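The chain contents come next:
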Amino acid sequence: MGSRRAIELGAVILILLSFVGKIGGFIASIPDVMVAGLLCCMWAMIAALGLSNLRYSETGSSRNNIIIGLSLFLSLSVPAYFQQYGLIPSSNSSVPSYFQPYAVASHGPIHTSSRGVNYVLNTLFSFHMVIAFIVAFILDNTVPGSRQERGVYVWSEPEAAKREPAITKDYGLPFRIGRMFTWVKWVGL
């Protein structure tokens, strides 16, 4: 289930239900174990949908395999280093894991003369998705590869995009809003 419409409908329902206090109390009473299980399923689906974007590129290419593997490996190891830097091993940190990137900002490994720069860089480099994006972006744009390996052949030719219905389906606007923006093709955007 990767439909944008399901997400939109779910968001509208959740916004409406947030105005009912009894629903909020019920959601707050859900055990942490169940929430953790749901989060595992949700993040697994998000990762799988992100990797499904690779369907336009050559997944058997060693260039692409190295870029994906290196970005996934570094996105797991670099933030772990940032989050553990400067902590006393025997201390029992009471900071929840989702707040750890923000707690890292005060004691991270980057030390410049500006506290604001330290805070921003230590926080950003402790996020897994930031490291994955930076590594994948740099490697994809610096390691030489053909248009088929990079997957840009699909978007570079308008005829290829029209032949591939998945492209228009994936990147179309919901609820036929795209009809309001038909003028964009005349401006060159």
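All values derive from a computational prediction rather than experimental measurement.

1. Looking at the environment of Ile68
Next up, step 1: Structurally, the position occupied by Ile68 is in helix 4 (residues 62-84).
Next up, step 2: Using a relative accessible area of 25% as the deciding quantity, one classes Ile68 as partly exposed.

2. Remarks on the UniProt feature "transmembrane region" (unreviewed entry) in the chain
Next up, step 1: Mapped onto the present numbering, the UniProt feature "transmembrane region" (unreviewed entry) falls at residues 7-27, 33-54, 66-82 and 119-139.
Next up, step 2: In the segment residues 7-27, helix accounts for 86% and strand for 0%; the C-alpha atoms at its two ends are 19 Å apart.

3. What about the packing of aromatic side chains?
Next up, step 1: Throughout the structure, instances matching the rule amount to three aromatic pairs.
Next up, step 2: The interplanar angle of 90° and the centroid separation of 6.0 Å between the aromatic rings of Tyr81 and Phe82 together place this pair among those described as edge-to-face.
Next up, step 3: Tyr81 gets classed as partly exposed once you look at its relative accessible area, which sits at 46%.
Next up, step 4: With 5.6 Å between their ring centres and 25° between their planes, Phe133 and Phe137 make a pair best called stacked. Of the two residues, Phe133 and Phe137 both sit in helix 7 (residues 128-142), four residues apart, roughly one turn of that helix.
Next up, step 5: Aromatic ring contacts, followed pair by pair, group Tyr81, Phe82 and Phe125 into a single cluster.

4. Details of the packing of helix 4 against helix 7
Next up, step 1: It is the contact of helix 4 with helix 7, at a shortest axis distance of 8 Å, that shows an interaxial angle of 145°. Crossing of helix 4 over helix 7 shows right-handed handedness. On the side of helix 4, the interface is formed by Arg63, Ile67, Leu70, Ser71, Leu74, Ser75, Leu76, Val78, Pro79 and Gln83, while helix 7 contributes His128, Ile131, Ala132, Val135, Ala136, Leu139 and Asp140.
Next up, step 2: Of the residues belonging to the contact of helix 4 with helix 7, the class tally is 11 nonpolar, four polar and two charged.

5. With respect to helix 7
Next up, step 1: Compared with the 21 Å implied by 1.5 Å per residue over 15 residues, the 21 Å span of helix 7 between its first and last C-alpha is a close match.
Next up, step 2: Every buried residue of helix 7 is accounted for by Val130, Ile131, Val135 and Leu139. Seen along its axis, helix 7 keeps its buried residues to an arc of 145°; they face one direction. Of the residues in helix 7, the exposed ones pointing more than 90 degrees away from the buried face are Met129 and Phe133.
Next up, step 3: In this structure, the buried residues of helix 7 make contact with helix 4 and helix 6 (115-124).

6. As for the side chain of Asn64
Next up, step 1: Following the sequence through the fold, Asn64 ends up in helix 4.
Next up, step 2: A polar atom in the side chain of Asn64 sits 2.7 Å from the side chain of Arg63.
Next up, step 3: Ignoring any residue separated from it by four or fewer positions in sequence, one finds Asn64 in contact with Ser57, Glu58 and Glu149.

7. Describing the state of the cysteines
Next up, step 1: Summed over all chains, the structure comprises zero disulfides.
Next up, step 2: Note on Cys40: no disulfide assigned, nearest cysteine sulfur contributed by Cys41 at a separation of 6.9 Å.
Next up, step 3: The class of Cys40 is exposed, set by a relative accessible area of 55%.
Next up, step 4: Judged by its relative accessible area of 57%, Cys41 is exposed.

Definitions and limits used
- Residues numbered from 1 in each chain as written.
- Predicted model: local features only at pLDDT ≥ 70, side-chain atom pairs only at ≥ 80, totals over all residues.
- Heavy atoms only, no water.
- Helix = DSSP H or I, 4+ residues; strand = E, 2+ residues; numbered from the N terminus.
- Buried < 20%, exposed > 50% of the residue type's maximum accessible area, 1.4 Å probe, protein only.
- UniProt positions renumbered as here; feature names shortened; annotations may be inferred.
- Phe/Tyr/Trp six-rings, centres within 6.5 Å; stacked < 30°, edge-to-face > 60°.
- Axes fitted to C-alpha atoms, helices over the stretch in contact; angles between N-to-C directions.
- Left-handed = near helix turned anticlockwise from the far one by under 90°.
- Contact = heavy atoms within 4.5 Å.
- Nonpolar A, V, L, I, M, F, W, Y, C, P; charged D, E, K, R; others polar.
- Expected span 1.5 Å × (residues − 1).
- Arc of directions from axis to C-beta.
- Polar contact = N/O pair within 3.5 Å; in protein donor to acceptor, adjacent residues only side chain to side chain.
- Disulfide = S-S within 2.5 Å.

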